[in-house]
Amino acid sequence: MTALTLQSISKSYEDGDGRQVQALQHIDLEIARGSFVILVGSNGSGKTTLLHVIAGSERPDTGRIFLEGEDVGTLAEHRRAASVGRVFQDPFRGTVAEMTIEENLALAACRGRRSDLGFALSARVRKEIHDRLAALGIGLEQRMHQRVATLSGGQRQIVTMLMATWHRPHLLLLDEHTAALDPRSAELVLSLTGRIVAEDGLTVLMVTHSMQQAVHFGERLIMMHRGKITLDISGTEKLRAQPAELESYFEELHRAELLDDSVAALLREQYI
Ligand SMILES: Nc1ncnc2c1ncn2[C@@H]1O[C@H](COP(=O)(O)OP(=O)(O)O)[C@@H](O)[C@H]1O
Ligand SMILES: [Mg+2]
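Quick caveat, the model's predicted, so the values are computed rather than measured. (Residues numbered from 1 in each chain as written. Chains lettered and ligands numbered in written order. Predicted model: local features only at pLDDT ≥ 70, side-chain atom pairs only at ≥ 80, totals over all residues.)

*Asks:* How do you make sense of the overall build of the chain when you look at a structure like this?
*Replies:* Each helix and strand counted, the chain has 10 helices and 10 strands in total. Since a compact globule built from 272 residues should have a radius of gyration of about 19 Å, the 20 Å found for the chain is in line with a globular shape. Principal axes of the C-alpha set define a box for the chain whose edges measure 75 × 40 × 40 Å. The buried share among the 272 residues of the chain stands at 35%. Taking the intrachain contacts of the chain between residues at least 6 apart in sequence as the baseline, contacts between residues at least 24 apart amount to 70%. (Helix = DSSP H or I, 4+ residues; strand = E, 2+ residues; numbered from the N terminus. Rg over C-alpha atoms; globule rule 2.2 N^0.38 Å. Buried ≥ 20, exposed ≤ 12 C-beta atoms within 10 Å, placed from the backbone. Contact = placed C-beta atoms within 7 Å.)

Structure, rendered in structure tokens:
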């Protein structure tokens, strides 16, 4: 069963000079339920745009999107939120700093439910929040009543992870969610991510700029370049992939691009 199907998704933007930038060019992608997919690609290759389109925060120009077999192309972002969990790079984005850890998690717990925060903070929900925090094993359950503002960036990302996965979304989208953290915090967030994903059997699409993460995480690796998928490996091919190999593949793409650009410039000079 596929968790996500994208059919010929394209999206272009207008840049500052009024030129069209093709952020996504006819992307076809199927992600099997329960798989952990890593997405890499140079800056501006379209990774974030792809995640926006899947979550519904951007409308594609063309193409269709199916989540668990349901055509969600016309569903607004908030209608998709129940089935798509997201964690962004910025630790300040996923949580409300002035609210306590418990209140933030209560928001996630009652999202999509016909209830208010009063209900959300019932004894049952409180206990569940406490137990889920305790299960992480980093002592956050003892700080439930503290404001999120008192947490480190890594701890905030962990609370955001818990919020994003509270109702076991059909798909979890992680957009470089450890990139803004120091190495130790990044490692902690990553290992807890792995645990939550494994325990809940989630389907994940994780963007990373780290080749180390790309080879050590997930069972499938996708690379994007200029709005297209240029590499898609899984199985033993993924297991054997080395960071240096991926780096040199990147460089090769970049060299080809420079060559393309200089040939284009040369042609322009000659014919215009
Ligand atoms: N809101 C926007 N307005 C204009 N251009 C955008 C916008 N969002 C993304 N782009 C452009 O689309 C391309 C892909 O961007 P993005 O998806 O953010 O890439 P990545 O996440 O891989 O770095 C880039 O050329 C970027 O400048
Ligand atoms: Mg991005």
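Once you've had a look at it, read on.
*Asks:* Looking at this structure, how should I read the site of ligand 1?
*Replies:* Neighbouring ligand 1 are Tyr13, Asp15, Val21, Ala23, Gly41, Asn43, Gly44, Ser45, Gly46, Lys47, Thr48 and Thr49. Broken down by secondary-structure element, the contributors of at least two residues to the shell around ligand 1 are strand E2 (20-32) and helix H1 (47-55). Sorting elements by how many residues they give to the shell around ligand 1 places H1 first, with 3 residues. Each residue belonging to the shell around ligand 1 can be placed in one class, and the counts come to 3 nonpolar, 7 polar and 2 charged. (Near = placed C-beta within 6 Å. Nonpolar A, V, L, I, M, F, W, Y, C, P; charged D, E, K, R; others polar.)

*Asks:* Explain the sheet that holds strand E4 (residues 62-67) here, please?
*Replies:* Each strand in a sheet pairs with another by means of backbone hydrogen bonds, the pair being arranged parallel or else antiparallel. Here 4 strands make up an open sheet; going across it, the order is E2-E1-E4-E5 and the pairing antiparallel. Each of the sheet's edge strands pairs with one partner strand only, and the pair in question is E2 and strand E5 (70-71). Bridge analysis of strand E1 (residues 2-14) against E2 gives 9 bridges, and the strand direction is antiparallel. Note that in E2 the partner of Leu4 across the bridge is Ile31. Packed onto the sheet, H1 meets E1, E2 and E4 and runs at close to 65° relative to E2. (Pairing = 2+ DSSP bridges. Axes fitted to C-alpha atoms, helices over the stretch in contact; angles between N-to-C directions.)

*Asks:* Sorry if this is basic, but what is going on with the sheet that holds strand E3 (residues 36-41) here?
*Replies:* One open sheet holds the 6 strands; their spatial order is E6-E7-E8-E3-E9-E10, and the pairing between them is mixed. Of all strands in the sheet, those with a lone pairing partner are strand E6 (84-87) and strand E10 (228-234), marking the two edges. Taken over all neighbouring pairs, the strand axes of this sheet differ in orientation by 20° on average, direction set aside. Relative to the sheet, H1 contacts E3, E6, strand E7 (171-175), strand E8 (204-207) and strand E9 (220-225), its axis offset from that of E7 by approximately 150°. Helix H6 (residues 153-164) contacts E6 and E7 of the sheet and is inclined by roughly 175° relative to E6.

*Asks:* In this structure, what is going on with the pairing of E1? I would like to understand it.
*Replies:* Every regular strand shows the same layout, with side chains that alternate between the two sheet faces. Hairpin remark: E1 followed by E2, antiparallel, with 5 residues in the connecting loop; positive phi at Gly18, about 80°. Bridge count between E1 and E4: 5 bridges; the pairing is antiparallel. Among the inter-strand pairings, Leu4 is bridged to a residue of E4, identified as Leu67.

*Asks:* Which parts of the structure should I look at to understand unusual backbone geometry?
*Replies:* Only a minority of non-glycine residues have a phi that is not negative, and only a minority of peptide bonds are not trans. Located in the positive-phi region is Glu68, a residue other than glycine, with phi close to 50°. Along the chain, Glu68 falls in the loop between E4 and E5. The exposure class of Glu68 is partly exposed, given the 15 C-beta atoms found within 10 Å. Not every positive phi belongs to a glycine, and Glu176 is a case in point at roughly 50°. Summarising the element assignment, Glu176 is placed in the loop between E7 and helix H7 (183-200).

*Asks:* Just to check I follow, could you spell out the environment of Gly85 for this structure?
*Replies:* Structurally, the position occupied by Gly85 is in strand E6. Once the C-alpha coordinates of Gly85 and His52 are considered, the two residues, 33 residues apart in sequence, prove to be 12 Å apart. What Gly85 contacts, discounting residues up to four positions off in sequence, is Ala164, Thr165, Pro169, Leu172 and Leu173.

*Asks:* I keep staring at the nonpolar core and nothing clicks. Help me out?
*Replies:* As a rule of thumb, nonpolar side chains are buried together in soluble globular proteins. Grouped together as the largest cluster of nonpolar side chains are 61 residues, with contacts concentrated most on Leu39, Ile54 and Leu173. Here this core takes 6 residues from H6, the largest share from any one element. Sequence-distant contacts of Leu173, that is, excluding residues within four places in its chain, are made with Leu51, Ile54, Ala55, Val84, Gly85, Arg86 and Leu205. (Core = buried A, V, L, I, M, F, W, Y, C linked by C-beta atoms within 7 Å.)

*Asks:* Looking at this structure, I do not really get helix H5 (residues 123-136). What am I missing?
*Replies:* It helps to recall that an α-helix has 3.6 residues per turn; residues three or four apart then point in one direction. In this model H5 runs 20 Å from its N-terminal to its C-terminal C-alpha over 14 residues, within 8% of the 20 Å that 1.5 Å per residue would give. Among the residues trailing H5, Gly137 stands out with phi positive, at a value near 75°. (Expected span 1.5 Å × (residues − 1).)

*Asks:* I would appreciate a short explanation of the packing of H6 against H7 in the present structure.
*Replies:* To describe two helices that pack against each other, one gives the angle between their axes and the distance between the axes. With their axes 9 Å apart at the nearest point, H6 and H7 run at an angle of 15° to one another. With respect to each other, H6 and H7 are oriented roughly parallel. As H6 packs across H7, the resulting crossing turns out to be right-handed. Each of Gly153, Gly154, Gln157, Ile158 and Met161 in H6 lies in contact with H7, whose residues at this interface are Ser185, Leu188, Val189, Leu192, Thr193 and Ile196. Of the residues that constitute the contact of H6 with H7, the class distribution is 6 nonpolar, 5 polar and no charged. (Parallel < 35°, antiparallel > 145°, perpendicular 65-115°, else oblique. Left-handed = near helix turned anticlockwise from the far one by under 90°.)

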